[in-house]
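Results of the structural survey
Single-letter residue listing:
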Amino acid sequence: MADMNKMVNDITSMDEDFAKWYTDIVKKAELIGYTSVKGCMVIRPYGYAIWENIQRILDNAFKATGHENVNMPMFIPESLLQKEKDHVEGFAPEVAWVTYGGSEKLEERLCVRPTSETLFCEHYANIIQSYRDLPKKYNQWVSVVRWEKTTRPFLRSREFLWQEGHTIHATAEEAIAETEQMLNVYADFCENSLAIPVVKGRKTDSDKFAGAEATYAIEALMHDGKALQAGTSHYFGDGFAKAFNIQYSDRRNQKKYPHQTSWGMTTRLIGAIIMTHGDDNGLVLPPDVAPIQAVIIPIAQHKAGVPEKAAEVAEQLKSIARVKLDDTDNSPGWKFSEYEMKGVPVRIELGPRDIEQGQCVVVTRHNREKTIVQLDELADVLPKKLQEVRDGMFQKALQNREQHTYRCKTMDEINAKLAELGDGFVLAPWCESEECEDTVKEQTGVGSRCISMTEDPADGDVCVCCGKPAKKIVYWGKAY
RNA sequence: CCGGGUGUAGCGCAGUUUGGUAGCGCGCUUGACUGGGGGUCAAGAGGCCGCAGGUUCAAGUCCUGUCACUCGGACCA
């Protein structure tokens, strides 16, 4: 790769952690996209194809749980954004403003949506009168803008693509159930389709979404031990409904405030894939979302019969998987490296020797294992190999997470574990005070990622920081 | 917002200290041989040295200004 030189030079002048980050993400991200225009991502075709696959799978899951797709405007009038106090305060520092329309100065500034709660609320206020109008379950696939000061490819860019789901329900119970359901949809998607093991948890108050009553998140551990928030699901209570005066009449003709949720996943998922699975040879893509699931590489193409057989195999596999035949005149070695770098899960090598014996060589990307497969069995073997790659990737990531999850009772223990075993998740009890949360971050470098949903403190557990009785078990970690 | 760094061929860089014909690697083009891990050889194309002033017989190199990009810190999907 041409940019390798730059990488090596840059690394020599960086500390080790940063060099690792750089190798992991910049080198790999450049294959599929990069941040270039004013901190906004340019996503190349290969990267966009990954996103399209992510969209397809998630969208099906949303439809299956009763959501409808809509599209809200990109611009939000300032007055509308101002309606919910916490919400504005949270987003104000990072919104981009439109102040001119053509050469005319606008009477009211328009903000470029950083998220669309306010627009959905405006919509709800217009359409909801009766309990019969509830629930409404919407989703939209759009881009949003947050004027970040520092940007990173796929992990943080000023404009990013995402889906945002917005729902409104008659009761708090229903809304809470929705919040949890979508968190589960996200977690299942990450684990099954992306082969990324995730921790489900609730955000601490200091970390929750601006305007939310509760924020739930899935957190994944990258292979360098840093944590990445891969998706969020918020429960709003009736705060937005009150701010936007959304009311419905219940069965007894009483005016009630409905309860809302929102949830989102972004192109950051592509960053998560890169950072979780990537290795020294480049990307490793989960088969479900890989643009090319299997690449066929003919060897010694000039020899009679080789191109014909390769084309025949490609044709045969076309309906089974996303298959590409690379019949360019690059050398086979070059192609091997190329598709490994691009993370193609399965490679099929087909040369004169193979053809003579009615076989081919199948190589799985995650472990680079070679298997000889009879050509007439290939159609059955390929789906199994793809599954094998998914499972192998998941196990590898899970193992990495387990090796880098430390149970700690004291601050000293946290520092010792991190120093000895490297960055990772720290599982430690907490008293629920914000002061302790801050102190832990200051003294150990790990911030609170989320509160465990599966585990509560045992009797006698005390806060890792202040020593008072613990109320929650928290996942701590360094964040991207 | 604070503090560093860099602008020279498509990409990555050297050349700047000490002013004197514009260089290297990769990529690209053409052809030949090759082909089971980025293969070999040959011949080519490609530059307003970020921009604007200044000093000088002479500026990529020195001076002044300016623009752009980038990295780290603090904040965030």
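Just so it is clear, the structure is predicted and the values come from calculations on it, not from any experiment.

Moving on, we get to the overall build of chain A. When helices and strands are counted, chain A shows 15 helices and 23 strands. Projected onto its principal axes, the C-alpha coordinates of chain A cover approximately 80 × 55 × 50 Å. The proportion of buried residues among the 480 residues of chain A is 43%. Expressed as a percentage of contacts within chain A between residues at least 6 apart in sequence, the contacts between residues at least 24 apart total 69%.

All right, on to the sheet that holds strand β4 (residues 75-77) then. Spatially, three strands are ordered β4-β6-β5 in an open sheet, and the strand pairing comes out antiparallel. Of all the strands in the sheet, the pair left with one neighbour each is β4 and β5 (96-101). Across the sheet, the mean angle separating the axes of adjacent strands is 45 degrees when strand polarity is ignored. Bridge count for β4 against strand β6 (residues 104-112) is three bridges, and the pairing is antiparallel. From the neighbouring strand, P77 faces β6, where its bridge partner is L110.

Before going further, it helps to examine the confidence of the model for chain A. On average, chain A scores 90 in pLDDT, and the residues at 70 or more come to 94%. Counted against residues more than four places away or in other chains, residues 1-24, with its pLDDT under 50, gives 16 contacts. The complex model carries a pTM of 0.92, and its ipTM stands at 0.84.

Looking now at unusual backbone geometry. Residue P135 follows L134 across a cis peptide bond; omega there is -5 degrees. Considering the arrangement of structural elements, one finds P135 in the loop between α6 (117-127) and β7 (136-145). A positive phi angle, close to 65 degrees, is found at N253, a residue other than glycine. For N253, the location among the structural elements is in the loop between β12 (248-249) and β13 (255-256).

Here we come to the domain arrangement of chain A. When cut into domains, chain A gives domain 1 (4-277), domain 2 (294-386) and domain 3 (405-477). Summarising the inter-unit geometry, the C-alpha centres of domain 1 and domain 2 are found 39 Å apart.

Further remarks concern the environment of T99. Take T99: it is sitting in strand β5. Residues T99 and T371 lie 272 residues apart in sequence; the distance between their C-alpha atoms is 62 Å. In this structure T99 touches K105, L106 and R109, once residues within four positions along its chain are discounted.

What follows covers the packing of helix α14 (residues 411-421) against helix α15 (residues 434-444). Where α14 contacts α15, the two axes come as close as 10 Å, and the packing angle between them is 40 degrees. Taken together, the axes of α14 and α15 lie oblique to each other. Handedness of the α14/α15 crossing: right-handed. On α15, the residues touching M411, I414, N415 and L418 of α14 are V440, Q443 and T444. When grouped by side-chain class, the residues that make up the contact of α14 with α15 number four nonpolar, three polar and no charged.

A few words on the nonpolar core. In terms of nonpolar packing, the biggest core is built from 91 residues, with Y186, C190, I196, I218, A220, A230 and I296 touching the most fellow members. Leaving out residues up to four positions away in the same chain, I218 has contacts with L183, Y186, A187, C190, V198, V199, K200, A230 and G231.

Across the six residues of strand β19 (residues 369-374), zero count as buried, placing the element largely on the outside. In this sheet, β19 lies alongside strand β18 (residues 359-364) in antiparallel orientation, the contact comprising six bridges. Residue pairing in the sheet places C360 in a bridge with V373 of β19. Remark: four residues form the turn of the hairpin made by β18 and β19, two consecutive strands paired antiparallel; R368 in that turn has positive phi of roughly 60 degrees.

Ordered in space as β3-β7-β8-β14-β11-β10-β9-β22-β23-β21-β20, the 11 strands form an open sheet in which the pairing is mixed. Because the sheet does not close on itself, it has two edges, and the strands there are β3 (68-69) and β20 (405-407). In terms of strand pairing, strand β22 (residues 447-452) meets strand β23 (residues 472-477) through four bridges, oriented antiparallel. If you follow I451 over to β23, its bridge partner there is V474. Sitting on the sheet, α6 touches β7, β8 (159-169) and β14 (259-266), and the angle it makes with β8 is about 35 degrees.

Let us now look at helix α10 (residues 306-317). Residues spaced three or four apart along an α-helix point in a common direction, a consequence of the helix completing one turn every 3.6 residues. In a regular helix each residue adds 1.5 Å, so 12 residues correspond to 16 Å; α10 covers 17 Å between its end C-alpha atoms and thus fits that length. Those residues of α10 not exposed but buried are A310, V313 and A314. Down the axis of α10, the buried set is contained in an arc of 100 degrees. They therefore lie on one face. Opposite its buried face, α10 presents the exposed residues E308 and E315, each directed more than 90 degrees away. Buried residues in α10 make contact with β15 (294-298), β16 (323-325), β17 (346-350) and α13 (378-403).

Criteria and cut-off values
- Residues numbered from 1 in each chain as written.
- Chains lettered and ligands numbered in written order.
- Predicted model: local features only at pLDDT ≥ 70, side-chain atom pairs only at ≥ 80, totals over all residues.
- Helix = DSSP H or I, 4+ residues; strand = E, 2+ residues; numbered from the N terminus.
- Buried ≥ 20, exposed ≤ 12 C-beta atoms within 10 Å, placed from the backbone.
- Contact = placed C-beta atoms within 7 Å.
- Pairing = 2+ DSSP bridges.
- Axes fitted to C-alpha atoms, helices over the stretch in contact; angles between N-to-C directions.
- pLDDT = per-residue confidence, 0-100.
- Domains from an automatic or database assignment.
- Parallel < 35°, antiparallel > 145°, perpendicular 65-115°, else oblique.
- Left-handed = near helix turned anticlockwise from the far one by under 90°.
- Nonpolar A, V, L, I, M, F, W, Y, C, P; charged D, E, K, R; others polar.
- Core = buried A, V, L, I, M, F, W, Y, C linked by C-beta atoms within 7 Å.
- Expected span 1.5 Å × (residues − 1).
- Arc of directions from axis to C-beta.

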